Amino acid sequence: MRKVELLAPAGDLNRCKTAIRFGADAVYIGGQSFSLRSRASNFTIEDIKEACAYAKQYGSEIHVTVNMIPHEEDFEGLETYLKTLEEIGVKAIIVASVSIMEIARRVAPSLEIHCSTQMSITNAETANYLKEELGVDRVVLARECTLENVKKITKNTSIQTEAFIHGGMCVNYSGRCTLSNRMTLRDANRGGCAQSCRWEYRLFDKDTELTKENQWFTMGSRDLCAANELEELIHAGVYSFKIEGRMKTEYYVASIVSAYRHLIDRILEGTPLSKEEVVEFRKEILKGENRSVCNGLYTNDRLENSLILHTNSDQDVNHDFIGKVDRYKENTNSFTLKVRNVVKVGDTLEVLSPHQENRIFQVEWIKDKDGAFMEECKNPMRLIEIPIPFEVAEEDIVRRYRP
Amino acid sequence: MVKLIVSVNTVDEIEKAYALGADEVVVSIEGASFNALKKVKLEDIDPTIPISIFFNCFIFPDIKDHYEELFQEVLKKKIESIYFQDPIILTWAKKYHVVDKCIYRPETLLTNEYDAKWWINHHLKAISISPLLTIEETLHILEQVSNTECVIHGHLMMSCSKRYLLSAFQNTYGTEPLKENYDLTIQESQREGHMPIYEDSNGTVVYTDYLLQSIEEVPLMVEKGVSRLFINGEFLEEDCLFDTILLYRHLLNQKLMKNDCETYFEKYKNLSFTKGYYEEKTIK
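On a predicted model such as this, the values are computed, not experimentally measured, just so you know. (Residues numbered from 1 in each chain as written. Chains lettered and ligands numbered in written order. Predicted model: local features only at pLDDT ≥ 70, side-chain atom pairs only at ≥ 80, totals over all residues. Heavy atoms only, no water.)

Trainee: Explain the overall build of chain B to me, please; I cannot follow it from the model alone.
Mentor: Broken down by element type, chain B carries nine helices and 15 strands. Radius of gyration (C-alpha) of chain B: 18 Å, near the 19 Å computed for a compact globule of 284 residues. Counting only residues that meet the buried cut, chain B has 63% of its 284 residues in that class. Accessible area for chain B stands at about 10,900 Å²; split by element, carbon and sulfur atoms hold 48% of it. Across chain B, the centroid of the 29 positively charged side chains sits 4 Å from that of the 45 negatively charged ones. (Helix = DSSP H or I, 4+ residues; strand = E, 2+ residues; numbered from the N terminus. Rg over C-alpha atoms; globule rule 2.2 N^0.38 Å. Buried < 20%, exposed > 50% of the residue type's maximum accessible area, 1.4 Å probe, protein only. Areas by Shrake-Rupley, 256 points an atom, 1.4 Å probe, with all protein chains shown as cover. Lys, Arg positive; Asp, Glu negative; His and termini not counted. Charge placed at Lys NZ, Arg CZ, Asp CG, Glu CD.)

Here it is as structure tokens:
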């Protein structure tokens, strides 16, 4: 089976390393300039260099977002920045501006150019046009494409295609939305999006209000989960599968990357997935998710099932993440961790280790750092010790088990 | 010579727009146009009258062949300009030898001289720069790039979605059908303004609550070499649209009297006119 790429997001170096350890073939990150998601903790050049070195150890790659829609002043320092990215081993840049693509081709020719989803590429002819005119290496397809659209585009272009498989979705065509600009003066196309689409709006027909208290009009999209479509997307020839979420937590990154890694590896074994397997994989993926999901527009659902209306909003905080393994103690068959959410004696926990099946165990006792037994720990970031019947490694993820 | 361009909502408005001083008149046609102008049927357009078309929806593979046929049908009219945002349209324009009629208008994406030059160097008729720019940024681009169009008046498109947002609301809360209703507005729960919203088969678009006006800025743009000045006709009543054409025609012909402006703004004082982003730069 041919190679495909699992492309993960990271907002800082820790999350980048976590994504790589848990099986990302490539990680996309933002530098401190030229990138959307200005509120994501963006990488310094030194961070990017370290990320590239770390990725190389694992056979992974680093892509850098240079995807703002630039105003004149945004070009200052761009050439130097692109040359530096090339020198320190970045594989690709993700770009939405044709002039930035031209500059990159000229000053940093070995950087791959990936056309951002901001360009709303919805057909093969546009992909081919951008390849011919600008020598781009890959197109990130618009999230508005259906599964059948993606298949046809991929079939009819010689350029690599990349498709989103998980995470937040703009309800509007990317790059064409100025709700945030209007509401907050924060430029959505230069990293300032305030997600005003998710706010509450009153709806009027002339002078008659159609909305009521708690029945607001909203425009937020549910998050995407393409577990059901992934097998077909792989067989259609899509090269790269992208998880959205540079602002998400380390737990989210580990959990979602790990789950999709297992699913992709299973698909690449070659035998078709049964319906039951797909259900199980999807369930596993959603353990790391705390927002309601949909199939995006892959199934062309353009109505309420793909939207967050406030009556069906369930943006609860996920309380499943217990912590990361701090140290495994072989002599006592136990490990220490800093607690992130409440854990009690008797709880069933699950360990996520890179490239391994998830393992579960029951908490038989808990000790604090002074060795005193406790029934439960509610204090965040407190160091505790828990026995475990198998070996774990530093940085493994521990979460509450949900069958 | 600077051209005054106006988008209109009906076939009947075309002739009057010309008579009042528009140099080009733009219409939306059913299917191919992704904005909230009322759509006209292609067959209703007189083939002897010069017309420009918004061919600005995104083209997906399943509808591509149909749209290419529609594109050819459009070319049977007396076409002045074709507004597009999906580059596939440019590949068709090359095939049918009409690149010199094409105007790249990606709404928000042309925000600097370099991107603008890249597109204009592809032998297009013109490019339309983003209305999210300050007046200084706008004038800088006009100085550097020829054949540039600026949107100077009207409601500005704020977002376009492939989702049927209004129908989703209707299905959830059981309202009357909301699709293709031109009277709908939304109001952010903490703010005053009413933003026109419209849904058709392409999806949903939202427009600004305010109307951009550029009476003071147009002379500056003309001085810096602007080629085309565009009046957005979406959600403008016919009277207001015609008065607006006349206002800017007088301005361009240097026949605008002080009381013309006063009369205009007094007559439409219920509308919320602003300078858009001319004096207010967005932040990152």
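Trainee: What exactly am I supposed to notice about the side chain of B:Glu107 here?
Mentor: With respect to the element layout, B:Glu107 can be found in the loop between strand S6 (102–104) and helix H4 (113–120). Not counting residues within four places of it along the chain, the set of residues in contact with B:Glu107 comprises B:Gln85, B:Ser130, B:Pro131 and B:Met157. (Contact = heavy atoms within 4.5 Å.)

Trainee: Is there a simple way to think about the interface of chain B and chain A in this case?
Mentor: Many descriptions give the size of an interface as the accessible area lost when the pieces come together. Taken residue by residue, the interface counts 71 residues in chain B and 73 residues in chain A. Linking chain B to chain A there are 35 residue pairs in polar contact (both at pLDDT 80 or more). Put simply, the parts of the chain that give the side of chain B that touches chain A at least two residues each are helix H3 (88–95), H4, helix H5 (135–144), strand S9 (157–161), helix H6 (165–173), strand S10 (184–188), strand S11 (195–200) and strand S12 (203–207) of chain B. If one sorts the elements of the side of chain B that touches chain A by residue count, H6(B) sits on top with eight residues. Among the residues forming the side of chain B that touches chain A, the class breakdown is 34 nonpolar, 21 polar and 16 charged. (Polar contact = N/O pair within 3.5 Å; in protein donor to acceptor, adjacent residues only side chain to side chain. Nonpolar A, V, L, I, M, F, W, Y, C, P; charged D, E, K, R; others polar.)

Trainee: Even after reading the chapter, I still don't get the packing of helix H1 (residues 11–20) of chain B against helix H8 (residues 238–252) of chain B, so can you show me in this structure?
Mentor: A packed helix pair is summarised by two numbers, namely the angle formed by the two axes and the spacing between the axes. All names here are of chain B. Their axes nearest at 9 Å, the elements H1 and H8 cross at an angle of 25 degrees. In terms of axis orientation, H1 runs roughly parallel to H8. Here the hand of the crossing between H1 and H8 comes out right-handed. Contacts between H1 and H8 involve Glu13, Lys16, Ala17 and Leu20 on the former and, on the latter, Glu238, Leu241, Phe242, Ile245, Leu246 and Arg249. Of the residues contributing to the contact of H1 with H8, the split by class is six nonpolar, no polar and four charged. (Axes fitted to C-alpha atoms, helices over the stretch in contact; angles between N-to-C directions. Parallel < 35°, antiparallel > 145°, perpendicular 65-115°, else oblique. Left-handed = near helix turned anticlockwise from the far one by under 90°.)

Trainee: Please clarify how the confidence of the model for chain B should be interpreted in this entry.
Mentor: Reading predicted coordinates in detail is not appropriate for stretches of low pLDDT. When pLDDT is averaged across chain B, the result is 96; 100% of the residues are at 70 or more. The complex model carries a pTM of 0.93, and its ipTM stands at 0.95. (pLDDT = per-residue confidence, 0-100.)

Trainee: Can you walk me through the packing of aromatic side chains in this structure?
Mentor: Each aromatic ring pair is characterised by the separation of its centres together with the angle its planes make. Taken as a whole and judged by the stated rule, the model has 27 aromatic pairs over all chains. Aromatic side chains A:Phe361 and A:Phe390 sit 5.9 Å apart centroid to centroid with 85 degrees between the ring planes, which places their arrangement in the edge-to-face category. Here the residue A:Phe361 occupies a position in strand S17 (residues 359–362), and A:Phe390 occupies one in the loop between strand S21 (383–387) and strand S22 (397–400), the gap between them amounting to 29 residues. Grouping residues by exposure puts A:Phe361 and A:Phe390 together as buried. Grouped by ring-pair contacts, the aromatic residues B:Phe55, B:Tyr67, B:Phe71, B:Trp92 and B:Tyr96 constitute a single cluster. Between A:Lys367 and the ring centre of A:Trp365, over which it is positioned, the NZ or CZ distance is 4.9 Å. Over the aromatic face of B:Phe230 sits the side chain of B:Arg105, whose NZ or CZ is 4.4 Å from the ring centroid. (Phe/Tyr/Trp six-rings, centres within 6.5 Å; stacked < 30°, edge-to-face > 60°. Lys NZ or Arg CZ within 6 Å of the ring centre and 35° of its normal.)

Trainee: Which parts of the structure should I look at to understand the side chain of A:Thr211?
Mentor: Residue position: A:Thr211 is located in the loop between strand S9 (208–209) and strand S10 (223–225). Within the structure, A:Thr211 has its side chain in polar contact with the backbone nitrogen of A:Leu203 (distance 3.0 Å). A distance of 2.8 Å separates a polar atom in the side chain of A:Thr211 from a polar atom in the side chain of A:Glu209. In this structure A:Thr211 touches A:Tyr201, A:Arg202, A:Leu203, A:Trp216, A:Phe217 and B:Phe169, once residues within four positions along its chain are discounted.

Trainee: I keep staring at the pattern of salt bridges and nothing clicks. Help me out?
Mentor: Two side chains carrying opposite charge are able to pair once their charged atoms lie near each other. Inspection of every chain in the model, using the stated rule, returns 54 salt bridges over all chains. For A:Lys287, the salt bridge is made with A:Glu284, and the minimal N-O distance between the two is 3.2 Å. Ionic pairing is found between A:Asp370 and A:Lys369, a salt bridge with its closest N-O pair at 4.0 Å. As far as the burial class goes, A:Asp370 and A:Lys369 line up, both exposed. Each of B:Lys3, B:Glu24, B:Arg105, B:Glu107, B:Lys125, B:Glu149 and B:Arg228 takes part in one network of salt bridges that share partners. (Salt bridge = Lys/Arg side-chain N within 4 Å of Asp/Glu carboxyl O.)

Trainee: Even after reading the chapter, I still don't get helix H9 (residues 250–268) of chain A, so can you show me in this structure?
Mentor: The periodicity of an α-helix, 3.6 residues per turn, causes residues three or four places apart in sequence to face the same way. The first and last C-alpha atoms of H9(A) sit 26 Å apart over 19 residues, in line with the 27 Å expected at 1.5 Å per residue. The element H9(A) is extensively covered by neighbouring structure, given that 17 of its 19 residues are classed as buried. (Expected span 1.5 Å × (residues − 1).)

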